[in-house]
Structures are given as structure tokens and as C-alpha cells.
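Letter by letter, the chains look like this.
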Amino acid sequence: MTAARTDTATLTGANLVGATDVPGAAGPFHATDPATGADLGPVYREADDATVARAAELAAAAFESYRHTGFGPRAAFLDSIAREIEALGDVLVDRVIAETGLPEARVRSEIGRTTGQLRLFAEVVREGSWTGARWDRPDPQRSPLPKPDLRQRRIPLGPVAVFAASNFPLAFSVAGGDTASALAAGAPVVVKAHPAHPGTSELVGRAVRAAVRAHDLPEGTFSLIHGGVDTGSALVRDPRIRAVGFTGSRRAGLALVAAAAARPVPIPVFAEMSSVNPVFVLPGALAERGARLGAEFVASLTTGVGQLCTSPGLVFLADGPGADDFVDAASAAVTAASGAPMLNPGIASAFATGVRRLAATEAVRTVATGTDAGAVCIGVPQLFVTTGERFLADRDLQEEVFGPASIVVRVTGEEQFAALVDELEGQLTATVHAAPSDRELARALLGKLELIAGRVLFDGWPTGVEVGHAVVHGGPFPATSAPATTSVGSRAIERFLRPVAYQNVPDDLLADEIRADNPLGIWRRVDGAITRD
């Protein structure tokens, strides 16, 4: 089936509640061009409690039907969403640029990532092993007790609330990874758009709704609401919502976790929050290529004006040969870098506050500052240097400064490397640069870093997340609220599923994935062995 193209060129400012456009009834707001400070129409209004409740009601009504969609039709629906987004063309590109200040190349790349994620989950759904199908065959002759017929599969949790991210207006937003994985799992989705890019959200939301309509799915399979803290809180508190996906600040993420835990029936919140993504440059690597690594580090730091959740906010540097070369090259690269518009005034203000805090911290030196290009929401690159001793004495230096700022920590000896790792919070990533002579130190660090990070890199830089089957974009708190999960890659579907066991249930009453004859032909674990039998 090919989804019908919908006319989405004209923005209305409405909430998309199922198949109905519902004007907001609460406070007005609008997007802002971060490069100029100009207001962008139309005016949006926050959804009131009644609108939030209606979206949740429709999602709950859609759940029973949508969760039973066949693997083929559900996968085709995800493919259709991807085509609908691509069909928006320059209308979408232009709006994203206007609302975020992101360059065109980044926007087009993010569109590709968004549609690629949708198609990845379509493939996952068709393949079928995500169901976790298992069968322990019965043995009525077993002594002293007969062995029962036990089968297991995963089923969706129920309607999911997705909170769109500020720094990825497409790939972590309305039709991003949380939405794609929840829909793949068989869970209807209610998205709360990020108020910084409501027009982008409406365009993508209409594309998703067009695919819902084209596949004759229940209208509550997808809704989009606009609003701020009150709207989000109302959505999380609604008893029909059964899980939450979130990408954003630690403060906002913890507020959602608390709200979800305070419900009469608590629900899981899968929140990606705070990470400084430490980089460890070991002595041999530093001596071999210190200057090159310093320049590469700044290239990673300034990607996306530092507004990536994997931006390297800390570098631990062996204080020996090559250390000065690294710092000098990084300082020169920062000084030559021009500031650029940040995503919105709130992020720019928080970045400026964080930079002032670091600059005023005892024993932390500002060694380089980029050029101020004069944009309204400017993010000017900043580089700071301190010692290992000072870092160990001041836990505030671990606090994320979201933007193009980083601290280089000069480390004295292998023991201090180990002590520094032991003091770090949970991270999305940790990176090691090593030479052959660093092998034993690298081995020791790897054993520690895998305990605090979701992804460990060698001889690379953390910015840029490959979307695939083996990736992990997650990690221990405060990187995420659910360290056993990932928000990127095919395993993200597992967040919105739970296992159910069926004991001695007649075969004809069971779902196809756990029937004896395996009509879907999927990989299953039968009596402990993985097979398609």
C-alpha cells in the first residue's frame, strides 16, 4: 500500500488528536528563529487537560486493535510513515532550518536518519524475533511430576507518551526512535511536541496521520499535542498511558520519573538525560599523535554547536609527552572556531550560565574562546583546563554544560586514571585513545568503563551514533533512567514490551508466533535451542 500524500504545507497551530484538528485552549506560544530572534507563525496554544485526556482515550481505544495488526501490515505502516515524511521535501527542510538554525546538510541528514529508523523497525517487525517466542514442550511422562506445555512471547505495554527532544527535531522527535519503536511494538503513541519547533512537529505529525489513515488504522494510533510542563505532566498522569519515552535534561527527566512513580499504578519512564561522554587519551597515543587528537577533539566538540547528547564534555589527558601538543592544537582549533546559533533561547541561556560557572571555578583555566558571530542565540566554543586533583575534589565539574564547551583534565599516572573513572557518573559513551604501548592500561580502563557507559569507543570520537542492531544508546544513571535499555537501534523496541508465559493453553488459542507449527516461520527458542521449527 502507498500512503496518500496529504497537503501539509499550511500550518494551522492545531493539536492533532486522532483524526481531528483540535485548537489549543491554554497559553499561546510560537517558534523563534534562533539566528535572528524573529517570531515564527503560526501561534500555537497549549493543549488543555481535556485535549490531553481525549488523546489518551483514543490511544487506549486503538490499543486492542492496533496491537493485533499482523507483522506485514504493521511494517508496511512504518514504511508509509517514512515515505510521507520524504514527500514533505523542502517544505519540511525549510521549516526545520527556520525553527532550529541547523544547517541544511544536517537537516537533510537527520531526515534520512529518521526515515531510516522507521524502515529499520519495519524490517524488525517482519523478521519477528522481537517477540521473544519460546516453547518448552510438554512431557506428560516426566517423573515425579509431568512437565507442562510452556510458551512465552512479548506483548506491548499499552499506549506510550513520547516527549520530543529539542536537539534532534526529527530523529528524536515526533516520528523519531521512540515513536518508531513503540509503533513497531504494537503500542499507540501520543507525542508531546517540543515547543521550540512546533511547526516541524505539526508537519511530521500530519505525515504520520496520513499513514494511519492510508492503512485504515484506528485514529488513536497516533496523536500530537502541543504544550509545556503542565501538558506533559497531565499526559504522564493519565491512567491510560502505560510508558514514557523522553530525551532531554536531567531536571525534566527526573520530574517525569517522579510523576510516573507517583501514579496509583506507576509506569516505566525511559528517559535519556545527562552525559558528559568522557574521553581518555593514554600516554602512548598522546606521544604519537597529540596535536592531531587535539584538533579532532574540537571538531567533535563543535559538531552541531555542541548540542549533541554524545558531545565530548570531558577529556582526561596523560600529563606527559604530547600533552602540551594536544592542548595547544585544541586551543588553536577553538580560537579559530566561530560561534553559531543554538537551538533556542533557553539552551543558549543555560550554556552561557554553565560557561560562566566553569570560568569562575577555582583551579579551572579558560585556555581558548571561539569567535562570537553575533547571532541572537549564540554558542561560542570554550575550552577549559584543570588538574586531576582538582577534578577529584569538585564533583560539580562533572555537571553537563550542553553546548560547545569542554574541560581538559591533566592526569598524573595510571592510578589517577583509575580513581577518576571511579568518580564518574553514568554516561552514554566513554572513549579511549590508545597506542600499542598502552595495551595494559587500556585493558584495565575498559573493565571500568563498561560499568559506567552504554557505548565504549576506541580511537574515535563519540559524536555520531550508528543506527543498527548492535548499538547501545543508553547507560547508567544519570545518562538514562533505565540502564538496561537503549533508545537507538533495533533493541529499542524491547522497552515497550513485556513477556507473558502461557501454560497448557490450547494451540489454536495462541498467537501465531508461539503456535506449534510456527506459521510465521520466525526464529524461536524451542526446548532451549534457537530454531525455525
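Scroll up for the structure.
Parameters at a glance
Residues numbered from 1 in each chain as written. Predicted model: local features only at pLDDT ≥ 70, side-chain atom pairs only at ≥ 80, totals over all residues. Heavy atoms only, no water. Axes fitted to C-alpha atoms, helices over the stretch in contact; angles between N-to-C directions. Helix = DSSP H or I, 4+ residues; strand = E, 2+ residues; numbered from the N terminus. Parallel < 35°, antiparallel > 145°, perpendicular 65-115°, else oblique. Left-handed = near helix turned anticlockwise from the far one by under 90°. Contact = heavy atoms within 4.5 Å. Nonpolar A, V, L, I, M, F, W, Y, C, P; charged D, E, K, R; others polar. Salt bridge = Lys/Arg side-chain N within 4 Å of Asp/Glu carboxyl O. Buried < 20%, exposed > 50% of the residue type's maximum accessible area, 1.4 Å probe, protein only. Pairing = 2+ DSSP bridges.

A. Local environment of the packing of helix α4 (residues 104-127) against helix α5 (residues 177-185). Two elements in contact, α4 and α5, have axes separated by 9 Å at closest approach and are oriented at 20°. Taken together, the axes of α4 and α5 lie roughly parallel to each other. Judged by the twist between their axes, the crossing of α4 over α5 is right-handed. On the side of α4, the interface is formed by Q117, L118, F121 and V125, while α5 contributes G177, A180, S181 and A184. For the contact of α4 with α5, the per-class residue count stands at five nonpolar, three polar and no charged.

B. Examining the pattern of salt bridges more closely. The final tally for this structure, using the stated rule, is 29 salt bridges. Across the pair D178 and R495 runs a salt bridge, and its minimum N-O distance is 2.9 Å. Residue D178 is found in helix α5, and its partner R495 is found in the loop between β20 (453-458) and β21 (497-503); the two are separated by 317 residues along the sequence. R495 matches D178 in its accessibility class, with the two residues each being buried. Among the salt bridges present, the one from R250 reaches E425, with a minimum N-O distance of 3.0 Å. Of this pair, R250 sits in helix α8 (residues 250-261) while E425 sits in the loop between α13 (414-423) and β19 (427-433), placing them 175 residues apart in sequence.

C. Quick look at the environment of P169. Note that P169 resides in the loop between β7 (160-163) and α5. With 59 residues separating them in the primary sequence, P169 and E110 have C-alpha atoms 8.5 Å apart. Here P169 is in contact with V96, T100, L102, E110, H197 and T200, once residues within four sequence places are set aside.

D. Local environment of the sheet that holds strand β23 (residues 529-531). The five strands are arranged β21-β6-β5-β22-β23 in an open sheet whose pairing can be described as mixed. The open sheet has two edge strands, β21 and β23, and neither has a second partner. Within the sheet, the average angular offset between the axes of one strand and its neighbour, ignoring direction, is 25°. Alignment of strand β6 (residues 150-156) against β21, held across seven bridges, turns out to be antiparallel. When the bridges of β21 are listed, R154 appears paired with P499.

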